[in-house]
Amino acid sequence: MPDLSRYFDHSATTPVAPEVLQAMQPFYAERFGNPSSLHQWGQEAEAAVEMARQRVASLLGCLPEEILFTSGATESNNLGLRGLARIKLRTEGKQHLLTTPVEHPSVLNTLRDLEAHEGFELELLPIDAYGRVSPDEVATRLRPETALVSIIYASNEIGSVNPIAEIGEVCRQASVPFHTDAVQAVNYLPMDVNALQVDMLPLSAHKFYGPKGIGILYHRNDLGLEAVQTGGGQERQLRAGTHNVPSIVGLAHALSLARERSEEHATKYRQWRDQIIAEILDRLTDVRLTGHPTARLPNHISFALRAVDSNALLAALDLAGFACSSGSACKAGMPEPSRVLQAIGLEPEWSLGALRITLGASNDEASIRDLIESLVEIVPRVRATSAQDQG
Ligand SMILES: *Cc1c(COP(=O)(O)O)cnc(C)c1O
């Protein structure tokens, strides 16, 4: 197995914390009941699910019935955005959707699909050079026919944090529902849904040391929502399908650990983050930080490297034992500049050389030092071969 301390891709996924795995274990083979069954096995499973729901609700400052369990944030975004937009169009004739060009694909592609097939009009807000949205821009673009606003809390790709509470205030004053993708924010940033004035908020457990394939959607209870998948009546008719009991238990456990450790982790990672940024900008040429220098996730570092092939760089880092990312889902094959980096105005010469380093519980002082020294050695080498390949 590779060295875990060289895993620098915590925005892609995190390992399940040992305590979380332990909490989940009994719900596979011993307490295996279906929460929808009436007998004791079912009741026990149902109690575990409801306990988990209460735990999650108290961590987000909402009511238990405002939490829906889903298969992850991709599903939560689909359910929340489709389920609300359709009601708004049908009951109030509202067809205007407002979002940003730097959303996760599970938000942007869902909204684009609503525009392409269901009669909505999608408008993209302007963003600044760091990929952030200003509350004033939101205010000027709200219309009487705006069905919803969706703005990412913290960017998975460039780490910038949006002023969500201020945007929430603007939307609430205009009585327009506000959805924010908080998947990357949950480990470090405020999560009280009332203080943030958000109406819908998805989370995904595997981004906070919980299991994959489980997530939640917070949705304010006086907001309409309709199911997008048909089946049984689970989750108050809003999300059909047998509950994933072990994963629901694991999600709640992982979320409370993440919120407990939030400040301690943020302080530690912020120091490492700033050390990596300072040294790399100082010791390498033709490199810039993407995203905001300070209003960014404490664990998130993203660079654009001029005239470097990002996939070649990731492969070279992998050979040296380091797991990093380019930040977007674009894999090997035809290199395409990232949509987010294009949106903040980077030319392909820079945007094709994206590097994302996301810190987490796996890392330590020694691996941070090793990463910096390896980057200083590897980047110029990859840049030289990238230049050769281009002829
Ligand atoms: C990972 C991620 C998602 C998708 O979550 P899944 O549970 O993996 O489907 C959505 N939004 C953001 C910002 C993410 O980082």
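Q: Help me understand the sheet that holds strand β10 (residues 354-358), please; the structure alone is not making it clear to me.
A: The strand order across the open sheet formed by three strands is β8-β9-β10, and the pairing between neighbours is antiparallel. Each of the sheet's edge strands pairs with one partner strand only, and the pair in question is β8 (287-289) and β10. The sheet shows a mean angle of 25° between the axes of neighbouring strands, taken without regard to direction. Note: strand β9 (residues 300-305) against β10, five bridges, orientation antiparallel. Following the sheet pairing, Phe-303 is matched in β10 by Leu-355.

Q: In this structure, what is going on with unusual backbone geometry? I would like to understand it.
A: Note: most peptide bonds trans; most residues except glycine with negative phi. Despite not being glycine, Tyr-209 shows a phi value in the positive range, around 65°. Locating Tyr-209 in the fold gives a position in the loop between β6 (200-204) and β7 (215-219). Phi is positive for Gln-237, which is not a glycine, with a value near 65°. Gln-237 sits in the exposed class, given a relative accessible area of 60%.

Q: How do you make sense of the domain arrangement of the protein when you look at a structure like this?
A: As far as domains go, the protein holds domain 1 (4-12 + 262-390) and domain 2 (18-257). Taken over C-alpha atoms, the centre of domain 1 sits 29 Å from the centre of domain 2. Contacts between the two partners involve 30 residues from domain 1, matched on the other side by 29 residues from domain 2. Contact between domain 1 and domain 2 buries roughly 2200 Å² in total, counting both sides, with carbon and sulfur atoms accounting for 56%.

Reading the values: rules and limits
Residues numbered from 1 in each chain as written. Predicted model: local features only at pLDDT ≥ 70, side-chain atom pairs only at ≥ 80, totals over all residues. Heavy atoms only, no water. Pairing = 2+ DSSP bridges. Helix = DSSP H or I, 4+ residues; strand = E, 2+ residues; numbered from the N terminus. Axes fitted to C-alpha atoms, helices over the stretch in contact; angles between N-to-C directions. Buried < 20%, exposed > 50% of the residue type's maximum accessible area, 1.4 Å probe, protein only. Domains from an automatic or database assignment. Contact = heavy atoms within 4.5 Å. Buried area = accessible area lost by both parts, 1.4 Å probe.

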